[in-house]
Amino acid sequence: MSLLDSAFFPIVGVILSNALYFSSVPAVYNAYQTSHLAPLNVLPLAIMVLSCIGWMSYALAVPNIYIMLSNLPGTVVAVGYVMVTLPLIPNHDRSSRVQVQMTLVVGSALLLCLWSALVFGGATHSQTTFILGAYGSFICVIMFASPLSTMGEVIRTGNAASIYAPLTATQVSNCLMWTCYGLAIGDVWVYGPNGTGLALGLVQLALKLSYPSVPGEAAREHAHLKDSCSDSDAERP
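Here goes a summary of the coordinates provided.

1. Notes on the state of the cysteines
- This structure, assessed with the given rule, holds zero disulfides.
- Cysteine Cys-140 remains unbridged, with the sulfur of Cys-175 as its closest cysteine sulfur at 6.5 Å.
- Residue classification places Cys-175 among the buried positions, given a relative accessible area of 0%.

2. Looking at the packing of aromatic side chains
- What the rule picks out here adds up to two aromatic pairs.
- Measuring from ring centre to ring centre gives 5.5 Å for Trp-55 and Tyr-58, while their planes differ by 80°; the resulting arrangement is edge-to-face. Remark: Tyr-58 and Trp-55 occur in helix H3 (residues 43-61); sequence separation between them is three residues, near one turn of the helix.
- A relative accessible area of 11% places Trp-55 in the buried class.
- You can call Tyr-58 buried: its relative accessible area is 16%.

3. Considerations on the packing of H3 against helix H6 (residues 125-145)
- Packing of H3 against H6 brings their axes to within 8 Å, and their N-to-C directions diverge by 160°. In terms of orientation, H3 and H6 fall into the roughly antiparallel class. The handedness of the crossing between H3 and H6 comes out as left-handed. Note on element contacts: H6 touches H3 through His-125, Thr-129, Leu-132, Gly-133, Tyr-135, Gly-136, Ser-137, Ile-139, Cys-140, Ile-142 and Met-143, opposite Pro-44, Ile-47, Met-48, Leu-50, Ser-51, Gly-54, Trp-55, Ser-57, Tyr-58 and Ala-61.
- Residues that form the contact of H3 with H6 fall into these classes: 13 nonpolar, eight polar and no charged.

4. Thoughts on helix H8 (residues 165-185)
- Its 21 residues give H8 an end-to-end C-alpha distance of 30 Å, which sits within 8% of 30 Å, the value for a rise of 1.5 Å per residue.
- If you check which residues of H8 are buried, you get Leu-167, Thr-168, Thr-170, Gln-171, Val-172, Asn-174, Cys-175, Met-177, Trp-178, Thr-179, Tyr-181 and Gly-182.
- In the segment just after H8, Gly-186 is the residue with positive phi, at about 70°.

About the thresholds
Residues numbered from 1 in each chain as written. Predicted model: local features only at pLDDT ≥ 70, side-chain atom pairs only at ≥ 80, totals over all residues. Heavy atoms only, no water. Disulfide = S-S within 2.5 Å. Buried < 20%, exposed > 50% of the residue type's maximum accessible area, 1.4 Å probe, protein only. Phe/Tyr/Trp six-rings, centres within 6.5 Å; stacked < 30°, edge-to-face > 60°. Helix = DSSP H or I, 4+ residues; strand = E, 2+ residues; numbered from the N terminus. Axes fitted to C-alpha atoms, helices over the stretch in contact; angles between N-to-C directions. Parallel < 35°, antiparallel > 145°, perpendicular 65-115°, else oblique. Left-handed = near helix turned anticlockwise from the far one by under 90°. Contact = heavy atoms within 4.5 Å. Nonpolar A, V, L, I, M, F, W, Y, C, P; charged D, E, K, R; others polar. Expected span 1.5 Å × (residues − 1).

Given below as structure tokens:
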């Protein structure tokens, strides 16, 4: 039996997927202890909930125990992340709070409507699994891209603190493994979203390596200094 036909890659995939989902535990715990989000970006955590539930739907429809084991723990921990971090979004940052809330509401409604259409529309099993696989891949790519929602701020302030290094590192390693495996077996639902996630993870990694990560009050001083230097350069003849 070849390595591709064995359970090696799926088992490693389960481990790496859960490493990805649990990588934010220290940052969320620190936010809980200090009652302050610091640079933690809540939006990727909210999309993580939707991604895990989407893949759980696909895993149960197929069925595939490896995909289920890759996302069931992630579903639980991602819901916990949102429960802890949502109340910590500052009152003055109402737009971020609404963004997270609307992401959860719209995403949940979309999946329920999708399931309703599949069940009452008489979709076959193959049609159901194909559509749920496409949905899971779509949400997965959005999750991988969501840390880049602060990319403009990172470049403007010269501060990469909002890009969480453990999440980025586990995203790159997880997506690299699944991309290689997907290419080897010729499965577009495996290498498609993971190849995209790998590219997006490398962009995040490049930003993280290109800019310092300055926390808290020091970040505001760093941004102010950067803006002052930009203004000075603009005033020069």
